[in-house]
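# Working through the structure, step by step
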Amino acid sequence: MEGATPLNTRIAVVTGGSKGIGLEACKQLAGGGAITVVLTARDETRGAAAVEQIKRLGHAHVIFHQLDITDASSIARLADFLKTRFGKLDILVNNAATDGIEHVIDPVYGLTPGDEAFNGMDAGQRIDWMWTSCRQTYETAKQGLQTNYYGTKRVTEALLPLLRSSSDGRIVNVSSNFGLLSFFRSEELKQELNGVDRLTEERLDELLAEFLRDFESGGAEARGWPAEFSAYKVAKAAMNAYSRILARRHPELRVNCAHPGYVKTDITRNSGILTPEEGARNITSVALLPEGGPTGRYFSEGEEASFV
Ligand SMILES: NC(=O)c1ccc[n+]([C@@H]2O[C@H](COP(=O)([O-])OP(=O)(O)OC[C@H]3O[C@@H](n4cnc5c(N)ncnc54)[C@H](OP(=O)(O)O)[C@@H]3O)[C@@H](O)[C@H]2O)c1
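In this report, we go over the structure that sits alongside the text. In this convention, every chain numbers its residues from 1, walking through the sequence in written order. pLDDT decides what is reported in this predicted model: residues at 70 or higher carry local features, side-chain atom pairs at 80 or more are listed and counted, and totals for whole chains, interfaces and linings draw on all residues regardless. As a rule here, side-chain values cover all heavy atoms of the structure and leave hydrogens and water aside.

### So, the packing of aromatic side chains
- Pairing of aromatic side chains here covers Phe, Tyr and the six-membered ring of Trp, requires ring centres within 6.5 Å, and sorts the geometry by plane angle: under 30 degrees stacked, over 60 edge-to-face, intermediate tilted. One pass over the full model with this rule turns up twelve aromatic pairs.
- Look at Tyr149 and Tyr242: their rings are 6.2 Å apart centre to centre, the planes differ by 85 degrees, and that puts the pair in the edge-to-face class. Of this pair, Tyr149 sits in helix H5 (residues 138-164) while Tyr242 sits in helix H9 (residues 230-249), and the two are 93 residues apart along the sequence.
- Burial classes follow relative accessibility: with a 1.4 Å probe on protein chains only, a residue under 20% of its type's maximum area counts as buried, one over 50% as exposed, and anything between as partly exposed. Note on Tyr149: relative accessible area 1%, which makes it buried.
- A centroid spacing of 5.3 Å and a plane angle of 35 degrees characterise the contact between Phe178 and Phe229, whose relative ring orientation is tilted. A residue pair is termed long-range when its members are at least 10 positions apart, and Phe178 in the loop between strand E7 (170-174) and helix H6 (187-194) and Phe229 in the loop between helix H8 (220-223) and H9 qualify at 51 residues.
- By relative accessible area, which is 5% here, Phe229 ends up buried.
- Clustering of aromatic rings is evident, with ring pairs tying together Trp131, Phe178, Phe183, Phe229 and Tyr232.
- Our definition puts a charge over a ring when NZ of Lys or CZ of Arg is within 6 Å of the ring centre and also within 35 degrees of the ring normal. Across the ring face of Phe178, the terminal group of Lys233 is positioned such that the distance to the ring centre comes to 4.7 Å. Helix and strand labels come from DSSP, where a helix needs a run of H or I of at least four residues and a strand needs a run of E of at least two; each type is numbered from the N terminus.

Printed below as a string of structure tokens:
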């Protein structure tokens, strides 16, 4: 049994907390005081090690719970644990995600992020470097949607009753500038995904199924879906739309999306510009906005911005 939870503490859950931005977000939330952080990860050993790392920094109120966001029984076990132990949830940071691509060796640019010359590359060149060192297949695309959209959605649905038991429930969906609608070349798709007063979850499911069909038949680009990192972009755009639907449905909650910036983590193969700590700050700052703040919004590196 962990140390007793102090009275009046807020409870935060972070998904994908054992490394990268998720780990740093846990540190920041646990270090801020008056928040008990439930660090979740699919791998128990790495999750427990991450908790120990945070405790060594002197932040006592952090505990581990296993969570694979693609596994319904794992999600249910987390929800049961939170209900029994705390009876509520104040902050949910949906951080866990995958890249929806397959890495290949021998990038066209012969550089790697450790090289001196790599530092001289701008963000666009680094993203090109990532793109030339990967490929997207139907399987990776499907997996990308399953984790980044459906996994995030299932975790959110399971924890919603607990968030609604909080007097100030917040959800921060860790999004990406890759999820912006400007990457969609079809005006029709763009308008549908932006029209959140009409858009339904059922229609989102249909659109994602259409994307996979178009991808499998080789017609995704012609239909106007994003061309590069397609599944990642489509999943993040769908998650943004779902967040806006949720924010409208639950005005008692704060539901926002936050882009951390281009960060040096595994998902970018360490090609980013910001440190994980800096990236996480752009997430925790949204999680900790003053009470009664904005909802249904998109924050890019800490600043409110457009979903388009
Ligand atoms: N880095 C960037 O430049 C950047 C930019 C925009 C947005 N983001 C977003 O920031 C978030 C964090 O990414 P990161 O940069 O920190 O990358 P990362 O270091 O690769 O971390 C991804 C995390 O997600 C976890 N995860 C993946 N699939 C999971 C599953 N099924 N169940 C539970 N956890 C799972 C990973 O756990 P395992 O260790 O078990 O795989 C890992 O902890 C993601 O939502 C990403 O899309 C990152």
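### Observations regarding the side chain of Gln28
- With respect to the helices, strands and loops of the structure, Gln28 is situated in helix H1 (residues 20-31).
- For Gln28, a relative accessible area of 11% corresponds to the buried category.
- Identification of polar contacts relies on pairs of N or O atoms within 3.5 Å, with a donor-acceptor requirement for protein atoms, meaning one able to donate a hydrogen and the other able to accept it, and with residues adjacent in sequence counted only if both atoms are side-chain atoms. Looking at Gln28, its side chain comes within polar contact range of the main-chain nitrogen of Arg281, at 3.3 Å.
- In this view, Gln28 contacts Glu277, Ala280, Arg281 and Thr284; residues no more than four positions away in its chain are not counted. Here a residue-residue contact requires only that any non-hydrogen atoms of the pair lie within 4.5 Å.

### Here we look at the nonpolar core
- Ranked by internal contacts, the top residues of the largest apolar core, which has 51 residues, are Tyr149, Leu159 and Leu204.
- Residue assignment for this core shows that the elements contributing at least two residues are strand E1 (10-14), helix H3 (72-85), H5, H6, helix H7 (201-217) and H9.
- Element by element, the count of residues in this core is highest for H9, at eleven residues.
- Residues contacting Leu159, with those up to four places away along its chain left out, are Leu78, Ala79, Leu82, Leu89 and Leu92.
- Grouped together as the second largest cluster of nonpolar side chains are 27 residues, Leu39, Val51, Ile91 and Ala258 included. Definition used in this section: a nonpolar core is a set of buried Ala, Val, Leu, Ile, Met, Phe, Trp, Tyr and Cys residues joined via side-chain atoms within 4.5 Å.

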